[in-house]
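Notes for the structure review
Residue-level listing of the chains:
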Amino acid sequence: MVALPQYNGYNSDLSANDTAYVRKRSHHIRRIMFPDIEPDLPDEQDEPIPSGSSLSIIEMMAQPLADTKNAVVDLLHVQDDAEAAYRALPEWIQHLSHKDPSTVAYAAQMINGLTRHKQFIQQLANDQALINALVEALGRTKDERVHNAIMATLAKLSTREGCVSIFKSGGIPELVRMLRSPIRKTKQYAITTLHNLIKHVENSRPEVIACGGVEAFTPLLQEPDERVQALVADSLFYLLAEREQCQAPFLSLQGPHMLLFILAATKYERLIYAVVRVIRVIAAFPENKQALIEFGAFEELHHSMLKVQGPDFVPNNFIKAMLRLSDSAANLNTLTGLIVDLLKLLGHYNDTEILSWICGILSNLTCNNVVNKLTVCDPKNRGIQILAHTLHDYAYIEDITEPVLCTMRHCTIRHPAVVDAIDQVRTAGAFPSIMSLLATRRKPIVKAALGLVRNCSVSEINRKALIMETTTHGDTIASIAIEVLFESGQRNLDDIEDGVMTLESLEGAVGALKQLSKDPNIAREVYTHNGVISVLFNLLANERITRAEDELFMRELLGLIYCLTSTPSGVQAFESYDQLPRYIEPTLSSEFRAVRVYASMILKNMGLNDAINARRPGRTPTRGVDNRFQQHTNPAYNGDGWVDGLEPDEFNELYNYASVGDLHLDTLRNSNHGRQQNGHHAHSNSNAWYDTDL
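All of these numbers come straight from a predicted model, not from anything done at the bench.

**Quick notes on the overall build of the protein**
Secondary structure summary: the protein contains 40 helices and two strands in total. Per-residue burial for the protein yields a buried fraction of 54% across its 694 residues. Across the protein, contacts joining residues at least 24 apart in sequence account for 72% of those joining residues at least 6 apart. Total accessible area computed for the protein in this model is approximately 30,800 Å², and 52% of it derives from carbon and sulfur atoms.

Shown next as structure tokens:
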């Protein structure tokens, strides 16, 4: 066995001799055991084997065996040398605090050499004195050789147990400082060490953030090595998740833009997954969300999802990231391919959590977006059929059915293919599912379902089919809508139950009943219900409704009353209250044409033509989308406000797919449906009930 030289301070000659000896011995072992791959080194050739007739055939055959034996002996010596070096570890630890930089460098190199032997890793990682000495030496010296050796050692010792020792040593500030090292290897060792520390020791994350970890890691997303980029992205995932205070620094350093640049450029799956995880967590914060949308996050997420699809592909992070972005992406018209692929996933996936996220995305992207509505309604994409089947198959999961109903509601109003769309809802067999879901009386479900019923009932065929739907307990769509109208009418408009405002419930019930009441039997059921007419009067008396900036709810309310007063018995029911003209006459001066038309028709039904004539000279200038029904612009218009046999608002909803009314940006941003936990906007202001796609 070769004895380890006695170490008394740093000796460059001794070090050189040792190094030459070890190099020659290693070369000898490799050349003997692997002659095909180990080239001869001319300056370190072993003595040549004598050739000629002096060697017998037996000796020549024995020579390889002898060489192998010598190599094995040398390997045993190497093992003994490593164990001897490990026994000298306390001495190396002492030399880490030596004043001589060369001594510190040599000690750091020797300790780093020990980490090459797997049998010592566990003991070294658990040696708190060693870790403390390494961290102290890292902060004390400016020698780049020492930095590199120590960081290489810490990187190899950053196992789960080693990370605990590193955290206890208080070395996080020095590790973060090493992220800015000019030496690439040192920087990469620091990235590896901090990544393992952040991953395995949760308590280390706040300290890394406090030491400027986010600011130090973010520029490293531009590292040329994709494996290093993956470690950086994964580290940022742990640092940014659920920490609002970290979002502004990340955004100011162009972090979102770097992430999307990586997605566009790479095919390395591990890096793609790491980046998508970061996008998923930062998309929960508004300051990053808008930047991601502007930089094309949706398109890049879709393209990256296609890159990694395979038999083991799990789309969780991709879909969750899109869900969090979708409530701000309703104006994008570049997502046709994504919507088609989401519909395919919806039709073939069976993970209920992922399905709920997909449904939430579709709901948000189809709200007020004609291109996306047309994509869903295109028969070749089978969107309506897939949505209808999803309603049936997952009727017991509200996080799926509520956004599906919202998507179908969006797709059955205000776009060129709306007539085909509402027919597809019927032919896809969705009406029984809608009836069953209404019978649950769950507020979010009822709100969405009544909106869909209202849209589909514009068609007479659909209206008759919906009226025929019943449950085993005798419930009908009309009876549930009347129940919702009456019960909601007893509450404050701002009351919230299960995330739904009372005003939203009223809007859904009034809209559905307006269409269903075109059937005389349903109209009779409404106005003979004890208390419903009182609720309608209370709504007419509410200035929040009558003086709202938009006409949608007032238009629906007057439309319902018009249908209810279309028969003598209906007129008689309202006359018994003797209050209707007092509430209706002021609306003749409304700035919205649809409201004025309905008001005049109601008063005509009531036989009060004098009130109408009295109001005509001072008519208020028209405002809103119903300008298209002016007589001089539409030859189908008649004096009573009807267009081609349809009420003005119905004609507009079926054929006018422009925006409705003076839509304000803040209204559009708050018109996505549902609750935050399934990806929809929560309501944030007093006009939040206003839903442009109801």
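Having seen the model, we can carry on.
**A closer look at the nonpolar core**
In terms of nonpolar packing, the biggest core is built from 192 residues, with Phe217, Phe298, Leu438 and Leu540 touching the most fellow members. Among the elements that line this core, the one with the most residues is helix α13 (residues 226-240), at 10 residues. In contact with Phe217, other than residues within four places in its own chain, are Leu179, Ile191, Leu194, Ile198, Val232, Ser235, Leu236 and Leu239.

**Examining the packing of helix α4 (residues 101-114) against helix α7 (residues 144-157)**
At a minimum axis separation of 9 Å, α4 and α7 run at an interaxial angle of 25°. Relative to α7, the element α4 lies roughly parallel. Between α4 and α7 lies a crossing whose hand is left-handed. Residues Pro101, Ser102, Val104, Ala105, Ala108, Gln109, Ile111 and Asn112 of α4 form the contact with α7, whose own contacting residues are Arg145, Val146, Ala149, Ile150, Ala152, Thr153 and Lys156. Its residues assigned to classes, the contact of α4 with α7 shows nine nonpolar, four polar and two charged.

**Some words on the packing of aromatic side chains**
If you walk through the whole model with that rule in mind, you get six aromatic pairs. Here the aromatic rings of Phe237 and Tyr238 are separated by 5.1 Å at their centres, their planes lie at 70°, and the arrangement is edge-to-face. Tyr238 matches Phe237 in its accessibility class, with the two residues each being buried. Relative to Tyr583, the ring of Phe537 has its centre 5.8 Å away and its plane inclined at 35°; by these criteria the two rings are tilted. Within this pair, whereas Phe537 is found in helix α32 (residues 532-540), its partner Tyr583 is found in helix α36 (residues 580-584), the two being separated by 46 residues in sequence. Assessed through its relative accessible area of 4%, Phe537 is described here as buried. Above the ring of Tyr238, the side-chain terminus of Arg277 is found at 5.6 Å from the ring centroid. Over the face of the ring belonging to Tyr583 we find Arg582, whose NZ or CZ atom lies 4.6 Å from the ring centre.

**Focus on the confidence of the model for the protein**
Chain-level statistics for the protein give a pLDDT mean of 81 and a share of 75% at 70 or above. Here residues 75-80 scores under 50 on pLDDT; set against residues more than four positions off or in separate chains, the count is eight contacts. Of the regions scoring below 50 in pLDDT, residues 617-645 engages in 61 contacts with residues more than four places distant in sequence or in other chains.

**As for unusual backbone geometry**
One non-glycine residue with positive phi stands out, namely Asn368, at about 65°. Mapped onto the fold, Asn368 is located in the loop between α21 (352-365) and α22 (370-377). Even without being a glycine, Arg382 presents a positive backbone phi close to 55°. Inspection of the secondary structure puts Arg382 in the loop between α22 and α23 (383-393).

**Topic: the side chain of Asn462**
Here Asn462 is to be found in helix α28 (residues 460-468). Residue Asn462 is classed as buried on the basis of its relative accessible area of 0%. A distance of 2.6 Å separates a polar atom in the side chain of Asn462 from a polar atom in the side chain of Arg426. Residues in contact with Asn462, not counting those within four places in the same chain, are Ile422, Asp423, Arg426, Phe431 and Cys456.

**Examining the packing of helix α16 (residues 269-282) against helix α19 (residues 316-326)**
For the pair α16 and α19, the least separation of the axes is 8 Å and the interaxial angle reads 30°. Taken together, the axes of α16 and α19 lie roughly parallel to each other. In this structure, α16 crosses over α19, and the sense of that crossing is left-handed. Residue-level inspection shows Ile272, Tyr273, Val276, Arg277, Ile279, Arg280 and Val281 of α16 in contact with α19, the latter providing Asn317, Phe318, Lys320, Ala321 and Arg324. Its residues assigned to classes, the contact of α16 with α19 comprises seven nonpolar, one polar and four charged.

**Quick look at the environment of Ser204**
As for its placement among the helices and strands, Ser204 is situated in helix α11 (residues 204-210). Among the residues examined, Ser204 registers a relative accessible area of 0% and is labelled buried. Residues Ser204 and Ile172, spaced 32 residues apart in sequence, show a C-alpha to C-alpha distance of 8.0 Å. Discounting chain neighbours no more than four positions away, the residues touching Ser204 are Phe167, Ile172, Leu197 and Ile198. A polar side-chain atom of Ser204 sits 3.2 Å from the main-chain carbonyl oxygen of Leu197.

**Comments concerning α32**
Most of α32 is tucked away: seven of the nine residues are buried. Taken as a whole, α32 has its buried residues at Val532, Ile533, Val535, Leu536, Phe537, Leu539 and Leu540.

**Examining α28**
Along α28, the residues classified as buried are Asn462, Arg463 and Leu466. All buried residues of α28 fall inside an arc of 100° around its axis, so they share one side. Of the exposed residues in α28, those oriented more than 90 degrees away from the buried face are Ile461, Lys464 and Met468. Where α28 is buried, its residues contact α25 (418-427), α26 (431-438), α27 (443-456), α29 (477-488) and α30 (502-516).

**Let's talk about the side chain of His302**
Along the chain, His302 turns up in helix α18 (residues 297-308). For His302, a relative accessible area of 10% puts it in the buried group. In contact with His302, other than residues within four places in its own chain, are Met322, Gly337, Leu338 and Asp341.

The rules behind these values
The written sequence of each chain sets the order in which its residues are numbered from 1. The model is predicted, so local features are restricted to residues of pLDDT at least 70 and side-chain atom pairs to those at 80 or more, both for listing and for counting; the totals for chains, interfaces and linings are taken over all residues. Only hydrogens and water are removed before side-chain values are computed, so all heavy atoms of the structure are retained for them. The helix and strand labels rest on DSSP assignments: H or I over at least four residues marks a helix, E over at least two residues marks a strand, and numbering proceeds from the N terminus. Accessible area is worked out with a 1.4 Å probe on protein chains only. A residue is then buried under 20% of its type maximum, exposed over 50%, and partly exposed in between. Residues count as neighbours in contact if any of their non-hydrogen atoms are within 4.5 Å of one another. Each accessible area value is a Shrake-Rupley result obtained with a 1.4 Å probe; residue values ignore everything except the protein chains displayed when judging cover. Take the buried residues of types Ala, Val, Leu, Ile, Met, Phe, Trp, Tyr and Cys, join any two whose side-chain atoms come within 4.5 Å, and each joined set is a nonpolar core. Under this scheme, a helix contributes an axis fitted over its contacting stretch, all axes are lines through C-alpha atoms, and angles between N-to-C directions fall in the 0 to 180 degree range. Here roughly perpendicular refers to angles of 65 to 115 degrees, roughly parallel to angles under 35, roughly antiparallel to angles over 145, and oblique to all remaining angles. Definitions for this section: a left-handed crossing has its near helix turned counterclockwise from the far helix by less than a right angle. A right-handed crossing has that turn clockwise. Each residue gets one of three labels, nonpolar for Ala, Val, Leu, Ile, Met, Phe, Trp, Tyr, Cys and Pro, charged for Asp, Glu, Lys and Arg, and polar for the others, Gly among them. Any two rings among Phe, Tyr and Trp, with Trp reduced to its six-membered ring, count as a pair given centres within 6.5 Å; such a pair is stacked if its planes are under 30 degrees apart, edge-to-face if over 60, and tilted if neither. Any Lys NZ or Arg CZ found within 6 Å of a ring centre and within 35 degrees of that ring's normal is scored as a charge over the ring. Values of pLDDT, the confidence the predictor places in each residue, fall between 0 and 100. For the purposes of these results, a polar contact is taken to be a pair of N or O atoms within 3.5 Å, where, inside protein, one atom must be able to donate a hydrogen and its partner to accept one; residues adjacent in sequence count only when each atom of the pair is a side-chain atom. This arc describes the spread of directions from the helix axis toward the C-beta atoms.

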